Amino acid sequence: AGWKIFGMELWVARLVTILFALGAVVFTYLFVKKLFKREDLALLSAFFTAISPLLVFFGRNIQFDAPALFFMTAAVYFFLVWKENQTMKNIVIFMVFFTLTGLTKYPFLIIAVPLLSIFPFKTIKNKKYWKQFGIGALIFIAFILWFLLPNLAKAQTSSAGPGRRA
């Protein structure tokens with residue numbers, strides 16, 4: 001969309017990545033403040049995120065690291081929001097950001113490990129939340145299908161081709 005407005009300029013592509021990097025700093029501040037309830041710790045975390053090599057170098061390059069970090073930090077924030085207020089809206093927003101994290105750069109899904117350590121497992125026993133978990137699982141299945149279907153189609157075409165070797 002930026003290229004349609006401003007033309008094929010490198011700064012337009014870099015601007016998108018820079019905006020994702022800045023968004024990652026904002027969400028780092030928000031989730032640290034929500035997790036620890038401390039303004040000073042949230043500001044310090046946002047500062048260290050802003051000067052980290054990931055954002056200093058990759059934050060201005062046209063790569064997927066800054067968007068993946070943005071989606072990951074947004075997912076953590078909305079997970080914490082869902083943990084406090086377990087509504088359908090909150091889990092859908094969390095799962096959309098979590099899925100976008102995996103679709104952008106799947107190694108960033110490592111954030112699931114610490115999230116599991118603070119997951120309220122008591123909610124699994126409560127049937128009231130099963131619909132939320134089902135909707136969340138359906139959203140995440142989109143991630144799995146995104147990777148599996150092209151590989152299955154590729155395997156189908158390569159095994160059925162005329163130049164098959166024995």
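Refer to the preceding data block for the structure.
Just so it is clear, the structure is predicted and the values come from calculations on it, not from any experiment. (Residues numbered from 1 in each chain as written. Predicted model: local features only at pLDDT ≥ 70, side-chain atom pairs only at ≥ 80, totals over all residues. Heavy atoms only, no water.)

Draft legend 1. Highlighting the nonpolar core. In terms of nonpolar packing, the biggest core is built from 37 residues, with Phe78, Phe79, Phe94, Phe97 and Phe98 touching the most fellow members. In terms of residue count, the dominant contributor to this core is helix 5 (residues 65–84) (15 residues). With residues up to four places along the chain from it excluded, the contact list for Phe78 reads Phe27, Asn90, Ile93, Phe94 and Phe97. (Core = buried A, V, L, I, M, F, W, Y, C linked by side-chain atoms within 4.5 Å. Buried < 20%, exposed > 50% of the residue type's maximum accessible area, 1.4 Å probe, protein only. Helix = DSSP H or I, 4+ residues; strand = E, 2+ residues; numbered from the N terminus. Contact = heavy atoms within 4.5 Å.)

Draft legend 2. Layout of the environment of Phe119. For Phe119, the position within the fold is in the loop between helix 7 (112–117) and helix 8 (122–125). It is 7.6 Å that separates the C-alpha atoms of Phe119 and Lys83, two residues lying 36 residues apart in sequence. When neighbours within four sequence positions are excluded, Phe119 is seen to be in contact with Phe79, Trp82, Ile124 and Phe133.

Draft legend 3. Just the packing of helix 5 against helix 6 (residues 88–104), in detail. Here helix 5 crosses helix 6 at 155°, and the two axes come no closer than 8 Å. Here helix 5 is positioned roughly antiparallel relative to helix 6, judged by the angle of their axes. The handedness of the crossing between helix 5 and helix 6 comes out as left-handed. Seen from helix 5, the contacting residues are Pro67, Ala68, Phe70, Phe71, Met72, Ala74, Ala75, Phe78, Phe79, Val81 and Trp82; seen from helix 6, they are Asn90, Ile91, Ile93, Phe94, Phe97, Phe98, Leu100, Thr101 and Thr104. In the contact of helix 5 with helix 6, the residues fall into 17 nonpolar, three polar and no charged. (Axes fitted to C-alpha atoms, helices over the stretch in contact; angles between N-to-C directions. Parallel < 35°, antiparallel > 145°, perpendicular 65-115°, else oblique. Left-handed = near helix turned anticlockwise from the far one by under 90°. Nonpolar A, V, L, I, M, F, W, Y, C, P; charged D, E, K, R; others polar.)

Draft legend 4. Representation of the pattern of salt bridges within the structure. Applying the stated rule across the entire model yields five salt bridges. In this structure, Glu39 engages Lys33 in a salt bridge whose closest nitrogen and oxygen atoms are separated by 3.0 Å. Given a relative accessible area of 36%, Glu39 falls into the partly exposed group. For Lys33, a relative accessible area of 36% gives the class partly exposed. Of the charged contacts, one joins Asp40 and Arg38 as a salt bridge, the two residues approaching to 2.9 Å between their closest N and O atoms. (Salt bridge = Lys/Arg side-chain N within 4 Å of Asp/Glu carboxyl O.)

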